[in-house]
Amino acid sequence: MSQLGFIENLMFRNFSGLCAFIFLFLSLQVSAAERFYDLRIKNITANFTGIDVKHALGISQTWPVPKEAAIPAPTLRFKLGDDAVITVHNDTDEPATLHWHGLLVPYEQDGPQFSNTKIIAPKSKHIFRFPIRHTGTYWYHSHTQLQEQRGLYGAIVIEDDQPIEEVDHDYVFVMSDWVNEHPMDVLYNLKKDGHYYGLKKSDMKKAVVKNYVESLSEEEQLKNADLLKKDFLGTVWGAYKNGNLDKYLDGELSRMGPMDFSDVGYDAYLINGKIISMLKNVRHGEKVRFRIINASASTYFYFNIGNNRNFKVITKDGMAVQPVKVNELLVGIAETYDVVFEVPHMMKKFEAKITAQDRTGSASLMFGMGEMEMAPVKIPLSTYEMDHGGMDHGGGHGGGHGDEPGDDDEPGDDDDEPGDDDDDHGDHGDHGGMDHGMNSMGDDHDMPIPPMGKTKQLKYEMLKSVEPTNLDDSLVRAQVIDLELSGDMERYTWYINGKPFSEDKYITIRENEVITFRYINKTMMHHPMHLHGHFFRVLNGQGDYAPLMHTVDVAPMKTVTIEFHANEPGVWFLHCHNLYHMKMGMARLVKYEDFVQTPELEEDQKKWDSYMTKDTDAFWRAETSLNTNSAMLDVRVNAGGYQVDMELEVDEYDIDNLEGEVMFKRYLDRFFAVGTGVVVEDQKVYAALTAAYNLPGNVEMEGFLRNDGKAIIRLRKSIPLVEFRGRPIVLDLEPEVSYKDQFDWNFRTEANYVLSRRTSIGLNFSTDKNGNNSVGFGIKIRF
Ligand SMILES: [Cu+2]
């Protein structure tokens, strides 16, 4: 429907529409700077992978131009100095919110429920009004539940005051991740086991490798046959084969264990809502600007054009930076970059490609004409495999800490002569394997064929603001606030300074001071830390020209320092923009001292709080095994720092042999829990105290003290030994010693072959001090 048609529709078919039109017309007369949007949050059916997904959410636009609800939501465009007036109708039957990510807005217009803006109740609406104070590329998304993962996100473009660079085409480039399961189920699965998606991800990585190898010539296929044997399950044998046994042991010693770059096994990655799409009307020799927005819920993306062609980065998080030429970006969740490049004068079609950082998949946008020049395939890495030459992964950012191996001294960095702006591709064009998107500069490398050619990835250190960003020296500097980021994959809880959001909500700051946050990442994952309502300086070694950001990537095991002038009184969210991390605790509210929140919000919270998922919610999991010699049942119910563990075992299927315990525990920190409960043994029930501690080496130690004076200490260790046909064989060891009048011991071990998330088959063996041995086999089922 054309805009005129829409107005006609409003005027003649709908009286209230007519009134709205007259009102809008009048208000446009009053202030030409008011820019109206009328948006409707709707339930939609999405289908990205051949499966209809009914729980998707989209946004339709009824003003200024009607648009159907889709993923992503409509792009909102403004000019500097505009007054944005955005009416958001919630047509669904669940509460919703929208947050304007990166925009400086008054406190109560920011969006998040309970802290800033009232919930947009089902079948109601909310009008947002705020002045547009700066230019750039931003986005908006739901800040309620996991709606963002269901599709509630879209771009915001605020036109340049004066064009940063004249281009022929200016496109938004919204990247996102998609999972067919309901995101709440995804979260439940992760709460059962942080590595829940390990098998799915391994299968996806194997598929990427297989497709890649099959695309090669027969000769190359033979050379690369080893790729097909890669182990993506993090087994000890796999680590040994890759020469990474030390990293496996380090991970175990530090009790972190393996972490992939993303916790979720996604079904699709999207550019503007498409896995593969084509940009029409882009001609050779024309200049293109992509406004890259990472709107994904938990995926960092590599961005490449063609066979590692250069492009210029001109903004980060909407703020202009001194142009820097690179050929790869690693875009953190919720970050935005504007890049500019010229379509080379050659009869080729180019692939702009985004690859998920965990390398489970990609999405492509083609442009140009002629033979295809694809972007290099990023071969998935084994769990403990480091990138060869530090070329394209791992700690890509790490603001101010450029100590990544091979960061800046790779071959290929220096072939980027200044002044080759208009012909910045020649130096990559003469490498072989172009047909397969390969850049086989592998002669001097010991890898079979490097999966990537020369990459020059953007590092934060390269970002330099156009204008000085230094803060007035006369301002009072508050004490540096350390924010340590950590997580627990066992109970899937994420912490700042060892506490989830529920246990420590506020960081209080004083107006007009300079606030410094030092993010210390103690995990093997990246955390994109976003602060609402402010731009902060990232201290990356650029002095007065430190770049301004609203979201900063904190790379694994790295420290990043930011500072800002506290001049936006209010209460503002500070959180990891990995949606699942935020929801499970990695969040705070930055509160200006003496700032009083509107009482309305408290009322709102009373009304809607029970609807919201929290890091203290209860999640359960269960496992049962039926063996020839025994049966077992384990149930765990976890709610924040509280946990109930029930473990029962019946030997020889004789109820007289029932053994086990039910324990109620309180976690005092990530590794240590104390509790009380009952122990069953020899047809008697005892009261008991318990203490559980996760020892370095990821050995679980549990002690029990029974009311009859018996003391028991049990150790548990699980070792993924080896992969067989894409599935792991896991060895469990469980020695136990006890004392009452005399020492006693028993030992149990199992080897299980994991068939699926649900089932394993295995052998077990147990023995004790009295020489009672038992061997059995059976099946294990997880719920
Ligand atoms: Cu995070």
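Because the structure is predicted, anything quoted here is derived from the model rather than measured. (Residues numbered from 1 in each chain as written. Predicted model: local features only at pLDDT ≥ 70, side-chain atom pairs only at ≥ 80, totals over all residues. Heavy atoms only, no water.)

Caption draft 1: A look at the side chain of Glu661. With respect to the helices and strands, Glu661 occurs in strand 36 (residues 659-667). Of the polar contacts made by the side chain of Glu661, one reaches the side chain of Arg714; its length is 2.7 Å. (Helix = DSSP H or I, 4+ residues; strand = E, 2+ residues; numbered from the N terminus. Polar contact = N/O pair within 3.5 Å; in protein donor to acceptor, adjacent residues only side chain to side chain.)

Caption draft 2: Structural detail: the coordination of the copper ion. The protein atoms donating to the copper ion are His527 (ND1), Cys576 (SG) and His581 (ND1), with metal-donor distances spanning 2.0 to 2.1 Å. Sequence spacing of the donors to the copper ion: H-x48-C-x4-H. You can see His527 sitting in strand 26 (residues 527-531) and its partner Cys576 sitting in strand 31 (residues 571-576), a full 49 residues away along the chain. The pair His527 / Cys576 is uniform in exposure class, with both members buried. (Donors = N, O, S within 2.8 Å, 3.2 Å for Na, K, Ca; no water. Buried < 20%, exposed > 50% of the residue type's maximum accessible area, 1.4 Å probe, protein only.)

Caption draft 3: Representation of the nonpolar core within the structure. Core analysis: the biggest nonpolar cluster contains 86 residues, and Phe290, Phe303, Val313, Leu329, Val552 and Tyr580 have the highest contact counts within it. With 5 residues, strand 31 is the largest single contributor of residues to this core. Once residues lying within four places of it in the same chain are set aside, the contact partners of Phe303 are Phe173, Phe290, Ile292, Phe311, Asn327, Glu328, Leu329, Val339, Ala352, Lys353 and Ile354. One finds Phe78, Leu98, Phe128 and Leu152 within the second-largest nonpolar core, a separate group that totals 28 residues. (Core = buried A, V, L, I, M, F, W, Y, C linked by side-chain atoms within 4.5 Å. Contact = heavy atoms within 4.5 Å.)

Caption draft 4: Focus on the sheet that holds strand 31. The 5 strands are arranged 24-32-31-26-29 in an open sheet whose pairing can be described as mixed. A single partner strand is all that each edge strand has here, and the edge strands are strand 24 (506-509) and strand 29 (551-554). Ignoring which end each strand starts from, the neighbouring axes of this sheet average 20 degrees apart. With 4 bridges joining them, strand 26 and strand 29 adopt antiparallel strand pairing. Considered in strand 29, the bridge of Met529 is made with Val552. (Pairing = 2+ DSSP bridges. Axes fitted to C-alpha atoms, helices over the stretch in contact; angles between N-to-C directions.)

Caption draft 5: Seen up close, the environment of Met462. Counting through the fold element by element, Met462 comes out in the loop between helix 8 (426-429) and strand 22 (481-488). Met462 sits 137 residues away from Lys325 along the chain, and the two C-alpha atoms are 9.6 Å apart.

These figures come from the coordinates and say nothing about function on their own.
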